[in-house]
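Chain residues, written in single-letter form:
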Amino acid sequence: MKLYKIVASAALAIASFGVTKAQVAPKQGVWRGTFSLFEGKESPFNFELKGKDAYLLNASERFELKGVTQKGDSLFIPVEVFDAVLAAKIESPTTLSGVFKKGTTRIAFKASQGSRYRFFEKVAPSKASLAGKWEVYMGTATTPVIGVFEQKGQKITGTFLSKTGDYRYYEGDIKGDEFYLSAFSGSSPALIIGKIEGNTITGQSIGATSARPLKGTKNDQIELPDAYSLTKVKDGKQFDFTFPDAFTGQNTSLSDAKYKGKVVIVTILGSWCPNCIDEASYMAPWYKANKNRGVEIIGLSFERKNDPAFAKTRLEALKKRFDIQYDILFAGLADTQYASSVLPALSEIISFPTTIIVDKSGKVAKIHTGYSGPATGKYYDDFVKEFNHEIDELLKQDLSTGK
(Lines give C-alpha, C1' and ligand atoms only; values in the text may rest on other atoms or scores of the structure.)
Protein backbone atom coordinates (compact mmCIF):
# COMPACT_ATOMS: atom_id res chain seq x y z
CA MET A 1 0.00 0.00 0.00
CA LYS A 2 2.81 2.40 0.88
CA LEU A 3 4.53 1.69 -2.42
CA TYR A 4 1.26 2.41 -4.28
CA LYS A 5 0.84 5.76 -2.49
CA ILE A 6 4.42 6.74 -3.26
CA VAL A 7 4.01 5.89 -6.94
CA ALA A 8 0.67 7.70 -7.08
CA SER A 9 2.12 10.79 -5.39
CA ALA A 10 5.07 10.82 -7.77
CA ALA A 11 2.77 10.53 -10.78
CA LEU A 12 0.65 13.41 -9.47
CA ALA A 13 3.74 15.56 -8.93
CA ILE A 14 5.00 14.83 -12.44
CA ALA A 15 1.56 15.66 -13.87
CA SER A 16 1.41 18.90 -11.89
CA PHE A 17 4.91 19.82 -13.01
CA GLY A 18 3.85 19.24 -16.62
CA VAL A 19 0.82 21.50 -16.19
CA THR A 20 2.76 24.37 -14.62
CA LYS A 21 5.42 24.21 -17.29
CA ALA A 22 2.98 24.08 -20.22
CA GLN A 23 3.20 27.19 -22.34
CA VAL A 24 -0.05 29.17 -22.31
CA ALA A 25 -0.48 31.21 -25.50
CA PRO A 26 -2.53 34.40 -25.72
CA LYS A 27 -5.69 34.19 -27.79
CA GLN A 28 -5.60 35.65 -31.26
CA GLY A 29 -7.85 38.52 -32.28
CA VAL A 30 -8.67 41.95 -30.90
CA TRP A 31 -7.55 43.14 -27.46
CA ARG A 32 -8.28 46.18 -25.32
CA GLY A 33 -5.49 47.51 -23.13
CA THR A 34 -5.03 50.42 -20.72
CA PHE A 35 -1.81 52.29 -19.95
CA SER A 36 -1.29 53.74 -16.49
CA LEU A 37 -0.37 57.39 -17.02
CA PHE A 38 0.20 60.44 -14.83
CA GLU A 39 -1.59 60.31 -11.46
CA GLY A 40 -3.08 56.91 -12.28
CA LYS A 41 -5.14 58.03 -15.26
CA GLU A 42 -5.90 55.14 -17.63
CA SER A 43 -5.39 55.57 -21.36
CA PRO A 44 -7.08 52.81 -23.39
CA PHE A 45 -5.69 51.38 -26.61
CA ASN A 46 -6.65 48.57 -28.95
CA PHE A 47 -4.56 46.03 -30.79
CA GLU A 48 -4.92 42.79 -32.68
CA LEU A 49 -2.79 39.66 -32.45
CA LYS A 50 -2.52 37.69 -35.67
CA GLY A 51 0.15 35.00 -35.73
CA LYS A 52 3.60 36.57 -35.62
CA ASP A 53 2.17 40.02 -36.27
CA ALA A 54 0.27 42.57 -34.22
CA TYR A 55 -1.65 45.66 -35.28
CA LEU A 56 -2.19 48.82 -33.25
CA LEU A 57 -5.72 50.06 -33.93
CA ASN A 58 -6.50 53.78 -33.89
CA ALA A 59 -9.65 54.96 -35.69
CA SER A 60 -9.05 53.81 -39.30
CA GLU A 61 -5.35 53.05 -38.75
CA ARG A 62 -3.89 49.53 -38.55
CA PHE A 63 -0.23 50.04 -37.61
CA GLU A 64 1.57 46.78 -38.32
CA LEU A 65 4.11 45.36 -35.84
CA LYS A 66 6.08 42.33 -37.03
CA GLY A 67 8.00 39.72 -35.07
CA VAL A 68 5.75 38.95 -32.09
CA THR A 69 7.48 36.32 -29.93
CA GLN A 70 6.69 34.28 -26.84
CA LYS A 71 9.19 32.94 -24.31
CA GLY A 72 7.61 30.91 -21.55
CA ASP A 73 4.85 33.05 -20.05
CA SER A 74 6.23 36.26 -21.59
CA LEU A 75 5.00 37.95 -24.76
CA PHE A 76 7.04 40.49 -26.69
CA ILE A 77 5.51 42.82 -29.28
CA PRO A 78 8.32 44.88 -30.85
CA VAL A 79 7.69 48.40 -32.12
CA GLU A 80 10.89 48.29 -34.12
CA VAL A 81 10.54 51.55 -35.98
CA PHE A 82 10.45 53.46 -32.65
CA ASP A 83 13.03 51.20 -30.93
CA ALA A 84 10.40 50.16 -28.38
CA VAL A 85 8.61 47.02 -27.18
CA LEU A 86 5.45 45.94 -25.41
CA ALA A 87 6.61 43.25 -22.96
CA ALA A 88 3.89 41.37 -21.11
CA LYS A 89 3.29 38.44 -18.80
CA ILE A 90 0.60 36.07 -20.09
CA GLU A 91 -1.63 35.82 -17.03
CA SER A 92 -4.12 33.69 -18.97
CA PRO A 93 -5.05 33.19 -22.63
CA THR A 94 -7.24 36.32 -22.35
CA THR A 95 -5.27 38.58 -19.98
CA LEU A 96 -1.88 40.29 -20.17
CA SER A 97 0.04 42.59 -17.82
CA GLY A 98 3.29 44.29 -18.67
CA VAL A 99 5.21 47.42 -19.58
CA PHE A 100 5.85 49.54 -22.64
CA LYS A 101 9.60 50.07 -22.90
CA LYS A 102 11.13 52.87 -24.94
CA GLY A 103 14.59 54.11 -24.01
CA THR A 104 14.46 54.78 -20.27
CA THR A 105 10.64 55.07 -20.31
CA ARG A 106 8.59 52.36 -18.62
CA ILE A 107 4.77 52.55 -18.74
CA ALA A 108 2.67 49.82 -17.14
CA PHE A 109 -0.29 48.37 -18.99
CA LYS A 110 -2.82 45.57 -18.77
CA ALA A 111 -4.97 44.07 -21.52
CA SER A 112 -7.88 41.71 -22.05
CA GLN A 113 -8.90 39.87 -25.19
CA GLY A 114 -12.16 40.20 -27.08
CA SER A 115 -13.05 43.90 -26.83
CA ARG A 116 -12.67 46.68 -29.41
CA TYR A 117 -14.41 49.53 -27.57
CA ARG A 118 -12.29 52.50 -26.50
CA PHE A 119 -13.48 54.08 -23.26
CA PHE A 120 -17.05 52.86 -22.76
CA GLU A 121 -18.66 49.71 -24.08
CA LYS A 122 -22.08 51.33 -24.02
CA VAL A 123 -22.77 55.06 -23.87
CA ALA A 124 -26.14 56.77 -23.51
CA PRO A 125 -27.03 59.25 -26.29
CA SER A 126 -25.83 62.80 -25.72
CA LYS A 127 -26.50 66.11 -27.44
CA ALA A 128 -22.91 67.29 -26.89
CA SER A 129 -20.74 67.34 -30.01
CA LEU A 130 -17.03 67.63 -30.71
CA ALA A 131 -17.50 67.53 -34.49
CA GLY A 132 -15.90 70.31 -36.56
CA LYS A 133 -12.85 72.55 -36.11
CA TRP A 134 -11.59 73.91 -32.82
CA GLU A 135 -9.02 76.56 -31.94
CA VAL A 136 -7.17 74.88 -29.06
CA TYR A 137 -4.47 76.13 -26.70
CA MET A 138 -2.35 73.49 -24.97
CA GLY A 139 -0.70 74.34 -21.64
CA THR A 140 0.90 77.80 -21.68
CA ALA A 141 1.17 77.96 -25.49
CA THR A 142 0.18 81.25 -27.10
CA THR A 143 -0.09 79.67 -30.55
CA PRO A 144 -3.13 77.44 -31.09
CA VAL A 145 -3.38 74.01 -32.62
CA ILE A 146 -6.41 73.05 -34.68
CA GLY A 147 -8.62 70.22 -33.51
CA VAL A 148 -10.48 68.49 -36.34
CA PHE A 149 -13.02 65.85 -35.35
CA GLU A 150 -15.80 63.69 -36.74
CA GLN A 151 -18.55 62.27 -34.59
CA LYS A 152 -20.87 59.33 -35.30
CA GLY A 153 -23.29 58.82 -32.45
CA GLN A 154 -21.13 58.96 -29.36
CA LYS A 155 -17.93 57.83 -31.13
CA ILE A 156 -15.35 60.46 -32.08
CA THR A 157 -12.23 60.35 -34.24
CA GLY A 158 -9.82 63.06 -35.31
CA THR A 159 -6.57 64.79 -34.52
CA PHE A 160 -4.84 68.09 -33.80
CA LEU A 161 -2.80 70.02 -36.36
CA SER A 162 0.07 72.38 -35.70
CA LYS A 163 2.47 74.18 -38.00
CA THR A 164 5.08 71.48 -37.34
CA GLY A 165 2.84 68.45 -37.88
CA ASP A 166 -0.23 66.62 -36.63
CA TYR A 167 -0.85 64.55 -33.51
CA ARG A 168 -1.89 61.50 -35.56
CA TYR A 169 -4.98 59.32 -34.94
CA TYR A 170 -7.15 59.90 -31.87
CA GLU A 171 -10.24 57.87 -31.03
CA GLY A 172 -12.76 58.15 -28.23
CA ASP A 173 -16.24 58.74 -26.85
CA ILE A 174 -18.69 61.41 -25.76
CA LYS A 175 -20.39 60.75 -22.42
CA GLY A 176 -22.85 63.39 -21.32
CA ASP A 177 -21.03 66.70 -21.77
CA GLU A 178 -17.56 65.10 -21.44
CA PHE A 179 -15.20 63.84 -24.13
CA TYR A 180 -12.50 61.20 -23.90
CA LEU A 181 -9.75 60.69 -26.50
CA SER A 182 -6.70 58.43 -26.60
CA ALA A 183 -4.02 57.41 -29.06
CA PHE A 184 -1.19 54.88 -29.25
CA SER A 185 0.59 54.05 -32.48
CA GLY A 186 3.88 52.88 -31.04
CA SER A 187 5.66 56.07 -30.03
CA SER A 188 3.99 57.01 -26.74
CA PRO A 189 0.46 56.75 -25.33
CA ALA A 190 -1.64 59.91 -25.13
CA LEU A 191 -4.86 60.76 -23.31
CA ILE A 192 -7.12 63.81 -23.57
CA ILE A 193 -10.20 64.30 -21.41
CA GLY A 194 -12.41 67.35 -21.27
CA LYS A 195 -15.81 68.98 -21.06
CA ILE A 196 -17.93 70.56 -23.78
CA GLU A 197 -19.90 73.69 -22.92
CA GLY A 198 -21.59 75.00 -26.04
CA ASN A 199 -18.84 76.27 -28.34
CA THR A 200 -16.04 75.95 -25.78
CA ILE A 201 -14.04 73.04 -24.40
CA THR A 202 -11.78 72.68 -21.37
CA GLY A 203 -9.72 69.73 -20.30
CA GLN A 204 -6.32 68.09 -19.91
CA SER A 205 -3.74 66.49 -22.16
CA ILE A 206 -2.16 63.71 -20.12
CA GLY A 207 1.09 61.83 -20.69
CA ALA A 208 3.14 59.33 -18.74
CA THR A 209 4.73 61.82 -16.35
CA SER A 210 2.75 65.06 -16.61
CA ALA A 211 -0.49 66.73 -17.60
CA ARG A 212 -1.24 70.13 -19.12
CA PRO A 213 -4.50 72.03 -19.34
CA LEU A 214 -6.22 72.77 -22.61
CA LYS A 215 -8.96 75.13 -23.66
CA GLY A 216 -10.60 75.66 -27.00
CA THR A 217 -13.28 77.44 -28.97
CA LYS A 218 -15.28 76.24 -31.97
CA ASN A 219 -13.84 78.04 -34.99
CA ASP A 220 -14.67 76.78 -38.46
CA GLN A 221 -12.56 79.53 -40.05
CA ILE A 222 -9.23 78.88 -38.33
CA GLU A 223 -6.35 77.77 -40.55
CA LEU A 224 -2.67 77.01 -40.07
CA PRO A 225 0.01 79.31 -41.47
CA ASP A 226 0.97 78.43 -45.05
CA ALA A 227 3.38 75.50 -44.68
CA TYR A 228 5.34 76.80 -47.70
CA SER A 229 5.99 80.19 -46.05
CA LEU A 230 7.77 79.23 -42.82
CA THR A 231 11.26 78.22 -44.02
CA LYS A 232 13.17 80.15 -46.69
CA VAL A 233 16.49 80.14 -48.52
CA LYS A 234 18.69 83.02 -47.39
CA ASP A 235 19.33 85.70 -49.99
CA GLY A 236 22.35 84.94 -52.14
CA LYS A 237 22.84 81.46 -50.66
CA GLN A 238 23.06 78.26 -52.69
CA PHE A 239 21.42 75.29 -51.04
CA ASP A 240 23.84 72.36 -50.94
CA PHE A 241 25.19 69.83 -48.45
CA THR A 242 27.54 66.88 -48.04
CA PHE A 243 26.77 64.09 -45.57
CA PRO A 244 27.70 60.38 -45.35
CA ASP A 245 25.30 57.77 -46.64
CA ALA A 246 23.68 56.25 -43.54
CA PHE A 247 24.40 52.69 -44.71
CA THR A 248 27.66 52.85 -46.70
CA GLY A 249 29.34 55.87 -45.12
CA GLN A 250 30.16 57.30 -48.55
CA ASN A 251 29.94 61.09 -48.71
CA THR A 252 27.03 62.29 -50.82
CA SER A 253 26.26 65.80 -52.02
CA LEU A 254 23.28 67.44 -53.64
CA SER A 255 25.69 68.58 -56.35
CA ASP A 256 26.66 64.99 -57.28
CA ALA A 257 26.17 63.90 -60.89
CA LYS A 258 23.33 61.57 -59.86
CA TYR A 259 21.09 64.54 -59.12
CA LYS A 260 22.12 66.86 -61.96
CA GLY A 261 19.26 67.94 -64.18
CA LYS A 262 16.66 66.23 -61.97
CA VAL A 263 13.96 67.43 -59.63
CA VAL A 264 15.20 66.53 -56.15
CA ILE A 265 13.09 66.25 -53.02
CA VAL A 266 15.18 66.67 -49.86
CA THR A 267 13.34 65.56 -46.74
CA ILE A 268 14.72 66.41 -43.30
CA LEU A 269 13.67 63.55 -41.03
CA GLY A 270 14.34 61.39 -38.00
CA SER A 271 13.54 57.71 -37.44
CA TRP A 272 12.11 58.68 -34.02
CA CYS A 273 9.59 61.14 -35.48
CA PRO A 274 5.95 59.96 -35.96
CA ASN A 275 5.21 62.58 -38.63
CA CYS A 276 8.39 61.51 -40.47
CA ILE A 277 7.08 57.93 -40.37
CA ASP A 278 3.88 59.14 -42.03
CA GLU A 279 5.88 61.02 -44.65
CA ALA A 280 8.08 58.00 -45.37
CA SER A 281 5.00 55.80 -45.79
CA TYR A 282 3.92 58.17 -48.57
CA MET A 283 7.30 58.98 -50.13
CA ALA A 284 8.60 55.40 -50.40
CA PRO A 285 5.89 54.09 -52.77
CA TRP A 286 5.67 57.49 -54.49
CA TYR A 287 9.37 57.32 -55.36
CA LYS A 288 9.09 53.82 -56.80
CA ALA A 289 6.23 55.01 -59.01
CA ASN A 290 7.94 58.23 -60.15
CA LYS A 291 11.73 57.72 -60.14
CA ASN A 292 11.83 57.02 -63.88
CA ARG A 293 10.39 60.48 -64.56
CA GLY A 294 13.61 62.25 -63.56
CA VAL A 295 12.97 62.63 -59.83
CA GLU A 296 15.22 61.80 -56.87
CA ILE A 297 14.66 61.88 -53.11
CA ILE A 298 17.35 62.41 -50.49
CA GLY A 299 16.56 61.87 -46.82
CA LEU A 300 18.68 63.85 -44.36
CA SER A 301 18.32 62.04 -41.08
CA PHE A 302 18.92 63.63 -37.68
CA GLU A 303 18.96 61.01 -34.92
CA ARG A 304 18.79 60.86 -31.11
CA LYS A 305 22.51 60.11 -30.95
CA ASN A 306 25.23 61.71 -33.07
CA ASP A 307 26.58 58.24 -33.73
CA PRO A 308 26.75 56.70 -37.24
CA ALA A 309 26.42 53.11 -35.94
CA PHE A 310 23.34 53.97 -33.90
CA ALA A 311 21.85 55.89 -36.82
CA LYS A 312 22.44 53.00 -39.21
CA THR A 313 20.59 50.57 -36.94
CA ARG A 314 17.59 52.86 -36.49
CA LEU A 315 17.42 53.79 -40.18
CA GLU A 316 17.68 50.17 -41.29
CA ALA A 317 14.42 49.53 -39.41
CA LEU A 318 12.78 52.49 -41.16
CA LYS A 319 14.12 51.47 -44.57
CA LYS A 320 12.96 47.88 -44.14
CA ARG A 321 9.49 48.82 -42.93
CA PHE A 322 8.65 50.95 -45.99
CA ASP A 323 11.04 49.44 -48.55
CA ILE A 324 12.70 52.83 -49.00
CA GLN A 325 14.76 52.87 -52.20
CA TYR A 326 15.93 56.48 -52.17
CA ASP A 327 19.14 57.71 -50.53
CA ILE A 328 19.23 58.40 -46.79
CA LEU A 329 22.16 60.34 -45.37
CA PHE A 330 23.11 60.70 -41.71
CA ALA A 331 23.22 64.42 -40.97
CA GLY A 332 23.78 64.47 -37.20
CA LEU A 333 21.95 65.07 -33.94
CA ALA A 334 18.16 65.43 -33.74
CA ASP A 335 17.99 69.09 -32.80
CA THR A 336 16.47 71.92 -34.82
CA GLN A 337 19.28 74.34 -33.92
CA TYR A 338 21.89 71.79 -34.95
CA ALA A 339 20.04 71.06 -38.18
CA SER A 340 19.90 74.78 -38.93
CA SER A 341 23.66 75.09 -38.32
CA VAL A 342 24.61 72.34 -40.80
CA LEU A 343 22.18 73.65 -43.43
CA PRO A 344 23.21 77.34 -43.30
CA ALA A 345 21.54 78.30 -46.59
CA LEU A 346 18.13 77.94 -44.91
CA SER A 347 16.58 80.56 -42.65
CA GLU A 348 15.99 77.92 -39.93
CA ILE A 349 14.70 74.42 -39.40
CA ILE A 350 11.70 74.47 -37.07
CA SER A 351 10.24 71.03 -37.74
CA PHE A 352 10.95 67.39 -38.48
CA PRO A 353 10.02 66.74 -41.21
CA THR A 354 10.81 69.68 -43.47
CA THR A 355 10.66 69.00 -47.21
CA ILE A 356 12.72 70.99 -49.73
CA ILE A 357 11.89 70.73 -53.43
CA VAL A 358 14.80 71.54 -55.73
CA ASP A 359 14.28 72.17 -59.44
CA LYS A 360 16.35 70.82 -62.33
CA SER A 361 18.74 73.76 -62.23
CA GLY A 362 19.58 73.15 -58.55
CA LYS A 363 17.52 76.03 -57.17
CA VAL A 364 15.06 75.62 -54.33
CA ALA A 365 11.53 75.90 -55.68
CA LYS A 366 9.56 75.38 -52.46
CA ILE A 367 10.05 74.40 -48.82
CA HIS A 368 7.26 72.67 -46.91
CA THR A 369 7.50 72.80 -43.11
CA GLY A 370 5.89 70.01 -41.07
CA TYR A 371 3.60 67.29 -42.35
CA SER A 372 -0.15 66.77 -42.22
CA GLY A 373 -0.54 63.00 -42.40
CA PRO A 374 -3.51 60.78 -43.29
CA ALA A 375 -5.16 61.31 -39.87
CA THR A 376 -5.90 64.91 -40.94
CA GLY A 377 -8.22 63.93 -43.78
CA LYS A 378 -8.75 66.90 -46.11
CA TYR A 379 -5.44 68.51 -45.09
CA TYR A 380 -3.55 65.40 -46.15
CA ASP A 381 -5.48 65.19 -49.42
CA ASP A 382 -4.69 68.84 -50.15
CA PHE A 383 -0.97 68.28 -49.47
CA VAL A 384 -0.83 65.27 -51.81
CA LYS A 385 -2.61 67.20 -54.56
CA GLU A 386 -0.39 70.28 -54.27
CA PHE A 387 2.82 68.24 -53.94
CA ASN A 388 2.12 66.26 -57.10
CA HIS A 389 1.12 69.38 -59.02
CA GLU A 390 4.38 71.08 -58.03
CA ILE A 391 6.50 68.11 -59.13
CA ASP A 392 4.59 67.83 -62.41
CA GLU A 393 5.23 71.50 -63.16
CA LEU A 394 8.93 71.29 -62.30
CA LEU A 395 9.40 68.25 -64.51
CA LYS A 396 8.26 70.37 -67.46
CA GLN A 397 11.23 72.69 -66.96
CA ASP A 398 13.48 72.96 -70.01
CA LEU A 399 17.05 73.68 -68.93
CA SER A 400 18.09 74.63 -72.45
CA THR A 401 15.67 77.55 -72.50
CA GLY A 402 15.31 78.15 -68.78
CA LYS A 403 11.54 77.83 -69.05
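Owing to the predicted nature of the structure, the values given are computational and were not obtained by experimental measurement. (Residues numbered from 1 in each chain as written. Predicted model: local features only at pLDDT ≥ 70, side-chain atom pairs only at ≥ 80, totals over all residues. Heavy atoms only, no water.)

Colleague: Sorry if this is basic, but what is going on with the sheet that holds strand β9 (residues 105-113) here?
Modeller: Sheet strands pair by backbone hydrogen bonding; their relative direction is either parallel or antiparallel. Spatially, β4-β3-β2-β1-β9-β8-β7-β6-β5 is the arrangement adopted by the nine strands of the open sheet, whose pairing is antiparallel. Each edge of the sheet is formed by a strand with only one pairing partner; in this case those strands are β4 (61-66) and β5 (69-71). Here the average twist between neighbouring strands, direction ignored, is 30°. (Pairing = 2+ DSSP bridges. Helix = DSSP H or I, 4+ residues; strand = E, 2+ residues; numbered from the N terminus. Axes fitted to C-alpha atoms, helices over the stretch in contact; angles between N-to-C directions.)

Colleague: What should I look at first to understand the side chain of Ser372 in this one?
Modeller: Within the secondary structure layout, Ser372 lies in the loop between β25 (364-369) and α5 (378-395). For Ser372, a relative accessible area of 15% corresponds to the buried category. Excluding residues within four positions of it along the chain, Ser372 makes contact with Leu161, Asp166, Tyr379 and Tyr380. (Buried < 20%, exposed > 50% of the residue type's maximum accessible area, 1.4 Å probe, protein only. Contact = heavy atoms within 4.5 Å.)

Colleague: Where do I start with the nonpolar core in this structure?
Modeller: Soluble globular proteins: nonpolar side chains tend toward being buried together. Residues Phe239, Phe241 and Leu300 are the most contacted members of the largest nonpolar core, which totals 89 residues. Ranked by residue count, the leading element in this core is helix α2 (residues 274-290), at eight residues. Sequence-distant contacts of Leu300, defined by excluding residues within four places in its chain, comprise Phe241, Phe243, Val266, Thr267, Ile268, Leu269, Leu329, Ala331 and Leu343. Residues Ala128, Ile156, Phe160 and Ile192 belong to the second largest nonpolar core, which totals 19 residues. (Core = buried A, V, L, I, M, F, W, Y, C linked by side-chain atoms within 4.5 Å.)

Colleague: Looking at this structure, I do not really get α5. What am I missing?
Modeller: Since the α-helix turns once every 3.6 residues, residues separated by three or four places project in the same direction. Here α5 spans 26 Å end to end across 18 residues, near enough to the 26 Å set by a 1.5 Å rise per residue. Among the residues of α5, Tyr379, Tyr380, Phe383, Val384, Phe387, Glu390, Ile391, Leu394 and Leu395 are the ones counted as buried. Down the axis of α5, the sector holding all buried residues measures 135°, keeping them to one side. In this structure, α5 carries Lys378 and Lys385 as exposed residues pointing more than 90 degrees from its buried face. (Expected span 1.5 Å × (residues − 1). Arc of directions from axis to C-beta.)

Colleague: In this structure, what is going on with unusual backbone geometry? I would like to understand it.
Modeller: Most peptide bonds adopt trans geometry, and most residues besides glycine take a negative phi value. Between Phe352 and the following residue, Pro353, the backbone shows a cis peptide bond with an omega angle of 0°. With respect to the secondary-structure elements, Pro353 resides in the loop between α4 (336-342) and β24 (354-358). Phi angles above zero are rare outside glycine, and Asp83 is one such case at about 55°. Residue position: Asp83 is located in the loop between β6 (74-79) and β7 (84-92). Its identity is not glycine, yet Asp323 carries a phi of approximately 55°, on the positive side. In this structure, Asp323 sits in the loop between α3 (308-322) and β23 (327-333).

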